[in-house]
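Read off the chains here:
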Amino acid sequence: MGSLRLSAWSSSAAARGFPPDWRGRPSRCAPSSPASAAPPALGRLQMGTDRAWQWDCRGGGLGGGGGRRDYAKEMEAAVRVVQVACTLCQRVQDSLLLADAGSGSVHSKLDRSPVTVADWGVQATVSWLLSDCFRDENVSIVAEEDDKTLSSSDGTALLESVVAAVNGCLVEAPKYGLRSPEKNLRAHDVLQAIRKCSSTGGPKGRFWVLDPVDGTLGFVRGDQYAIALALIEDGEVVLGVLGCPNYPMKKEWLNYHQRYYRLMSKVAPPTSGSWNKGCVMYAHKGCGQAWMQPLVHDFGMLNWHNSREIQVSSVSDPVSATFCEPVEKANSSHSFTAGLAHSVGLRNRPLRVYSMVKYAAIARGDAEIFMKFARSGYKEKIWDHAAGVVIIQEAGGVVTDAGGRPLDFSRGVYLEGLDRGIIACSGALLHRRILGAVDASWNSSTL
Ligand SMILES: Nc1ncnc2c1ncn2[C@@H]1O[C@H](COP(=O)(O)OS(=O)(=O)O)[C@@H](OP(=O)(O)O)[C@H]1O
Ligand SMILES: [Mg+2]
Ligand SMILES: [Mg+2]
Ligand SMILES: [Mg+2]
């Protein structure tokens, strides 16, 4: 295990009683070794520290008796890195909505899907920060974007916007207990950081999986999107972090944010730190707990009052259950899921949400079912699911393909062998019913 480089937590922040542990509240996971030591407070790990923390995760699984690690250091870094990345996205989304030239433009990839300064900017930022945190390890990252457009001769202006966004964001990293580069990254460094994320995954070893902006379409429309970071070890997702910058801690606050965005073109954006309109969720495999903290503009502003454990809904009656699905019909068949909903007795209107915020909605009980049935021939990518799957599972839910098998993250960048579609549910009963309904109607579907 290499050393984790986090800048030291300021003693004044500690004195003000900031987070007692990396969840921002007292933990049920007590450190198992060394016996007398306190859990590593977020930000208290010193530069170059190389202690392999072991946690006794009484919720079961990793960390306890079996001696497996619970990835506390990786989780610390990942949550902070995602918080930093969220700030970059918020800025770019604000400038997009204000039609600011420069960082505010949307580009099209070869498959015609959208890509923005935020997609490249987050990928470069996360790549740089993870490499800096785990400097002694050969950090391996699988991520969605490549550097081709930015490296091309007509990508110069775009690259400049990405470099500015990355430097503008990295300079704030110390507020999150992370280091910034000694001097601004140059275009070459940014391209290199993006290129570094070209691992191809597989069944052995450890690699990070990143979707820098999931739901880019939602992002450019001023709607929901997510920053999704997961760690995979020997083919299994061991931790996941989902940054959801427009998904507030409470569902009821959503309307407020929507009104805000409608007004965006007329009013100035809020000053940073003036309000929390998003959240970050995280979980590690086997702990039986998942957590949510508000998006912050300074990690020192977190305290245990506003971080909380999340759990899936306890609703198991289809009449009261809500399912969510992609907004775009092209990404998942709305007619097929409408038929399934009817046959299992779901009455509520589907919640159509961009991005892995759908996984977030299930994990914290805002909805009970997520279904995705892509057109035949489309291959799901691991970065679109890894973080969400582990968070739902640890929050008490079930995620499988439509054949009831776990998603297989061990076979490269695609979820190879996926049977028909993806079903995530808050509980086993609803899950069984949906699987049964899929079997009953699949042959008569056009999928
Ligand atoms: N044709 C097709 N079929 C199925 N899935 C596709 C397809 N094209 C793209 N994608 C992937 O869908 C990701 C966005 O998924 P969403 O669930 O957010 O869809 S939607 O935007 O709400 O319609 C989206 O992730 P991002 O590219 O990160 O936005 C894609 O990886
Ligand atoms: Mg995606
Ligand atoms: Mg993406
Ligand atoms: Mg994309």
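Residues numbered from 1 in each chain as written. Chains lettered and ligands numbered in written order. Predicted model: local features only at pLDDT ≥ 70, side-chain atom pairs only at ≥ 80, totals over all residues. Heavy atoms only, no water.

## A few points about the overall build of the protein chain
Applied cut-off: Where helices and strands are cited, they refer to DSSP runs of H or I of at least four residues and of E of at least two residues respectively, numbered from the N terminus. Contact between two residues is taken to exist if any of their heavy atoms lie within 4.5 Å; hydrogens are not considered. The protein chains shown are the only cover counted for residues, whose accessible areas, like all others here, come from Shrake-Rupley with a 1.4 Å probe.
What the protein chain contains, in helices and strands, is 12 helices and 16 strands. Counting contacts in the protein chain only where the partners sit at least 6 residues apart, residues at least 24 apart contribute 72% of the total. When the accessible surface of the protein chain is summed, it comes to about 18,100 Å², and 50% of that surface belongs to carbon and sulfur atoms.

## Concerning the sheet that holds strand β16 (residues 422–425)
What counts here: Pairing between strands is defined by DSSP: at least two bridges between them are needed. Angles shown run from 0 to 180 degrees and are taken between the N-to-C directions of axes, each axis being a line fitted to C-alpha atoms and, for helices, limited to the stretch in contact.
In space, the five strands of this open sheet follow the order β13-β12-β14-β16-β15, with mixed pairing throughout. Two strands bound the open sheet, and with one partner strand each, they are β13 (351–352) and β15 (398–401). As paired elements, strand β12 (residues 323–325) and β13 share two bridges and run parallel to each other. Bridging across to β13, cysteine 324 finds its partner in leucine 351. Where helix α9 (residues 334–344) meets the sheet, its contacts fall on β12, β13 and β14 (369–372), and the angle it forms with β12 comes to roughly 170°. Running at roughly 155° to β16, helix α12 (residues 428–442) makes contact with β14, β15 and β16 of the sheet.

## Digging into α12
Under the convention used in this document: Expected span, for any helix, means 1.5 Å times one less than how many residues it has. Buried residues are those whose accessible area, probed at 1.4 Å on protein chains only, stays under 20% of the maximum for their type, while exposed residues exceed 50% and partly exposed ones sit between those limits. To obtain the arc, one takes the directions from the helix axis to the C-beta atoms.
Over its 15 residues, α12 extends 21 Å from the first C-alpha to the last, a length consistent with the 21 Å expected when each residue adds 1.5 Å. Among all positions in α12, only Leu430, His431, Ile434, Leu435, Ala437, Val438 and Trp442 are buried. The buried residues of α12 occupy one face: seen down the axis, they fall within an arc of 160°. Along α12, the residues that are exposed and aim more than 90 degrees away from the buried face are Arg432 and Ala440. Those residues of α12 that are buried are in contact with α9, β14, β15 and β16.

## Notes on the pairing of strand β10 (residues 290–294)
Within β10, five of the five residues are buried, which leaves it mostly tucked inside the rest of the structure. Where burial is concerned, the two faces of β10 agree: the one with Ala290, Met292 and Pro294 and the one with Trp291 and Gln293 are both buried. Here strand β9 (residues 279–284) runs beside β10; their pairing, made up of five bridges, is antiparallel. Pairing of methionine 281 across the sheet is with methionine 292, part of β10. Hairpin connection from β9 to β10: five residues lie between these consecutive antiparallel strands, with glycine 286 at a positive phi of about 90°.

## Here we look at the environment of methionine 292
Looking at the secondary structure, you find methionine 292 in strand β10. When the C-alpha positions of methionine 292 and alanine 360 are compared, they lie 9.6 Å apart, and in sequence the two are 68 residues distant. The contacts of methionine 292, once residues within four sequence positions are left out, are Met249, Cys279, Val280, Met281, Tyr282, Asn306, Ser307, Arg308, Ile310 and Arg364.

## Some details on the nonpolar core
Rules: Grouping buried Ala, Val, Leu, Ile, Met, Phe, Trp, Tyr and Cys residues that are joined through side-chain atoms within 4.5 Å yields what is termed a nonpolar core.
Formed by 65 residues in total, the largest nonpolar core has its most connected members in Leu130, Trp208 and Val241. The element contributing the most residues to this core is helix α2 (residues 72–97), with 13 residues. Ignoring any residue separated from it by four or fewer positions in sequence, one finds leucine 130 in contact with Val81, Val139, Ile141, Trp208 and Leu229. Within the second largest apolar cluster, 46 residues are counted, among which are Val357, Val390, Ile392 and Ala395.

## What about the coordination of the magnesium ion (ligand 2)?
Short version of the rule: Here the term donor refers to an N, O or S atom within 2.8 Å of the metal (or 3.2 Å for Na, K and Ca), and because water is left out of the atoms, sites may appear incomplete.
Around the magnesium ion (ligand 2), the protein supplies Asp211 (OD), Asp214 (OD) and Asp384 (OD) as donor atoms, at distances of 1.9 to 2.0 Å. Spacing between the donor residues of the magnesium ion (ligand 2) along their common chain follows D-x2-D-x169-D. The metal-metal distance between the magnesium ion (ligand 2) and the magnesium ion (ligand 3) is 3.6 Å, with aspartate 211 coordinating both. Judged by relative accessible area, which is 0%, aspartate 211 ranks as buried.

## Digging into the pattern of salt bridges
Short version of the rule: A side-chain nitrogen of Lys or Arg and a carboxyl oxygen of Asp or Glu constitute a salt bridge if their distance falls within 4 Å.
Within this structure, the stated rule accounts for 22 salt bridges. Arginine 411 is the partner of aspartate 408 in a salt bridge, and the nearest nitrogen-oxygen pair spans 3.9 Å. Salt bridges sharing common partners tie together Glu74, Glu137, Arg206 and Glu233.

## Considering the coordination of the magnesium ion (ligand 3)
Distances from the magnesium ion (ligand 3) to its protein donors, namely Glu144 (OE), Asp211 (OD) and Val213 (O), fall within the range 2.0 to 2.2 Å. Site description for the magnesium ion (ligand 3): donor spacing in sequence, E-x66-D-x1-V. With a relative accessible area of 25%, glutamate 144 lands in the partly exposed category.

## With respect to the side chain of aspartate 384
Put simply, the rule is: Think of it this way: Lys and Arg go in the positive column, Asp and Glu in the negative one, and His and the chain ends go nowhere.
Tracing the backbone shows aspartate 384 in the loop between β14 and α11 (386–394). Buried charge without a partner: aspartate 384 forms no salt bridge, and the closest opposite charge is lysine 381, 5.0 Å away. Among residues more than four places away in sequence, those in contact with aspartate 384 are Asp211, Asp214, Met356, Tyr359 and Tyr378.

## Considering the sheet that holds β9
Taken in spatial order, the seven strands of this open sheet run β5-β6-β7-β8-β9-β10-β11, and their pairing is mixed. On the outer flanks of this sheet lie β5 (141–143) and β11 (308–310), each paired with one strand and no other. Averaged over all adjacent pairs, the angle separating strand axes in this sheet is 20°, with direction ignored. Where strand β7 (residues 226–233) and strand β8 (residues 236–244) come together, seven bridges link them in antiparallel fashion. In the sheet register, isoleucine 227 faces β8, and the bridge partner there is glycine 243. Its contacts with the sheet place α11 against β7, β8, β9, β10 and β11, and it is angled at close to 100° to β8.

## Description of the packing of helix α3 (residues 117–133) against helix α5 (residues 156–170)
Rules: Orientation labels follow simple angle bins: below 35 degrees gives roughly parallel, above 145 gives roughly antiparallel, 65 to 115 gives roughly perpendicular, and whatever is left gives oblique. Note on convention: near helix rotated counterclockwise from far helix by under a right angle means a left-handed crossing. Clockwise means right-handed.
For the pair α3 and α5, interaxial distance at closest approach is 9 Å and the crossing angle is 50°. The angle between the axes of α3 and α5 places the two elements in the oblique class. In this structure, α3 meets α5 at a crossing whose hand is right-handed. Along the contact surface, α3 presents Val117, Trp120, Gly121, Ala124, Thr125, Trp128 and Leu129, while α5 presents Leu158, Ser161, Val162, Ala165, Val166, Cys169 and Leu170.

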